[in-house]
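Here is what each chain is made of, one letter per residue.
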Amino acid sequence: GESVGLHLPTLSVQEGDNSIINCAYSNSASDYFIWYKQESGKGPQFIIDIRSNMDKRQGQRVTVLLNKTVKHLSLQIAATQPGDSAVYFCAMGNSGYALNFGKGTSLLVTP
Amino acid sequence: KAGVTQTPRYLIKTRGQQVTLSCSPISGHRSVSWYQQTPGQGLQFLFEYFSETQRNKGNFPGRFSGRQFSNSRSEMNVSTLELGDSALYLCASSSGGAYNTEAFFGQGTRLTVV
């Protein structure tokens, strides 16, 4: 069956550094991949998505890379700030909302 | 505009009871999805409703059910509660279009089964 997993459960970075959060998946049939951020006591917040026919997409301070050959997804955060501290989830889905989420990576930004 | 509203925020129930959770999506959104979040299993998809019809369903037992009303508000029901049903239940609202991937989550309902 399909699965979505994360390489690292926790990641600690210094403020101002770049962060890279990785995600591996097994099902090649997904139409799109999404990164969510979840802060304590809140629901997940959409960060950025990428369609399966793309390799890279950039947003504000974030870049998502998709490598379909090795079934790997990454989220790069530039100039990481304390407000970026949260749990990050990758998710994959098809048309209609049935997202399959990874277990999450906790990002801790230290001053 | 108002975000996704889930009620109640916290709930304590006893094993064997049933519970109903409510989700009001963002105005104009026709899709509501439900997820269960636990420390061990992470976020797991329960079901999705679009225009009052269940469009997708996850791998949960029949004790978990849901419905959507004509105003897009959705409820989920869990019958015969088990200790393992203790979790944060999240709903997500989206326009529901095939190429719209952005879903807005509510703050969730924290269910504790004792």
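Residues numbered from 1 in each chain as written. Chains lettered and ligands numbered in written order. Predicted model: local features only at pLDDT ≥ 70, side-chain atom pairs only at ≥ 80, totals over all residues. Heavy atoms only, no water.

Caption draft 1: Focus on the sheet that holds strand β3 (residues 19–24) of chain B. All names here are of chain B. On the basis of which strands lie adjacent, the open sheet formed by four strands has the order β1-β3-β8-β7 and antiparallel pairing. Strand pairing shows two members of the sheet lacking a second neighbour, β1 (5–7) and β7 (64–68), which therefore form its edges. Neighbouring strand axes in the sheet, compared pairwise and without regard to direction, differ in orientation by 15 degrees on average. Where β7 meets strand β8 (residues 74–78), five bridges bridge the pair, whose relative direction is antiparallel. Along β8, the bridge assignment pairs Q68 with S74. (Pairing = 2+ DSSP bridges. Helix = DSSP H or I, 4+ residues; strand = E, 2+ residues; numbered from the N terminus. Axes fitted to C-alpha atoms, helices over the stretch in contact; angles between N-to-C directions.)

Caption draft 2: Representation of the pairing of strand β9 (residues 86–93) of chain A. Residues and elements named next belong to chain A. Burial analysis of β9 places seven of its eight residues in the buried class, which makes it a mostly covered element. In the sheet, strand β4 (residues 32–38) pairs with β9 via seven bridges, with the strands oriented antiparallel. Counterpart to I34 in the pairing with β9 is A91. Where β9 meets strand β11 (residues 105–110), three bridges bridge the pair, whose relative direction is antiparallel. Looking at the pairing, Y88 lines up with T105 of β11. (Buried < 20%, exposed > 50% of the residue type's maximum accessible area, 1.4 Å probe, protein only.)

Caption draft 3: Fine view of unusual backbone geometry. Residues and elements named next belong to chain B. Cis geometry is adopted by the peptide bond preceding P8, which originates at T7 and carries an omega value of -10 degrees. Inspection of the secondary structure assignment puts P8 in the loop between β1 and β2 (10–13). If you check the backbone angles, E52 has positive phi at about 70 degrees while not being a glycine. Mapped onto the elements of the fold, E52 is located in the loop between β5 (42–50) and β6 (53–57). Its relative accessible area of 47% is what places E52 among the partly exposed residues.

Caption draft 4: Structural context of the state of the cysteines. On inspection of all chains with the given rule, the structure shows two disulfides over all chains. Across the disulfide, C23 of chain A is cross-linked to C90 of chain A (sulfur-sulfur distance 1.9 Å). Measuring handedness by torsion sign, the sulfur bridge of C23 of chain A and C90 of chain A sits at about 50 degrees and is right-handed. Residue C23 of chain A is located in strand β3 (residues 19–25), and its partner C90 of chain A is located in strand β9; the two are separated by 67 residues in the primary sequence. Judged by relative accessible area, C23 of chain A falls into the buried class, the value being 1%. What pairs with C23 of chain B in a disulfide is C91 of chain B, and their sulfur atoms sit 1.9 Å apart. The disulfide joining C23 of chain B to C91 of chain B has a torsion of about 65 degrees about its S-S bond and is therefore right-handed. With C23 of chain B in strand β3 and C91 of chain B in strand β9 (residues 87–94), this pair connects stretches of sequence that are 68 residues apart. (Disulfide = S-S within 2.5 Å.)

Caption draft 5: Expanded view of the pattern of salt bridges. All names here are of chain B. Scanning the model with the defined rule gives nine salt bridges over all chains in all. Measuring nitrogen to oxygen at the nearest pair gives 3.3 Å for the salt bridge that ties E75 to R73. Several salt bridges share partner residues, and in doing so they unite R63, E82 and D85 into one network. (Salt bridge = Lys/Arg side-chain N within 4 Å of Asp/Glu carboxyl O.)

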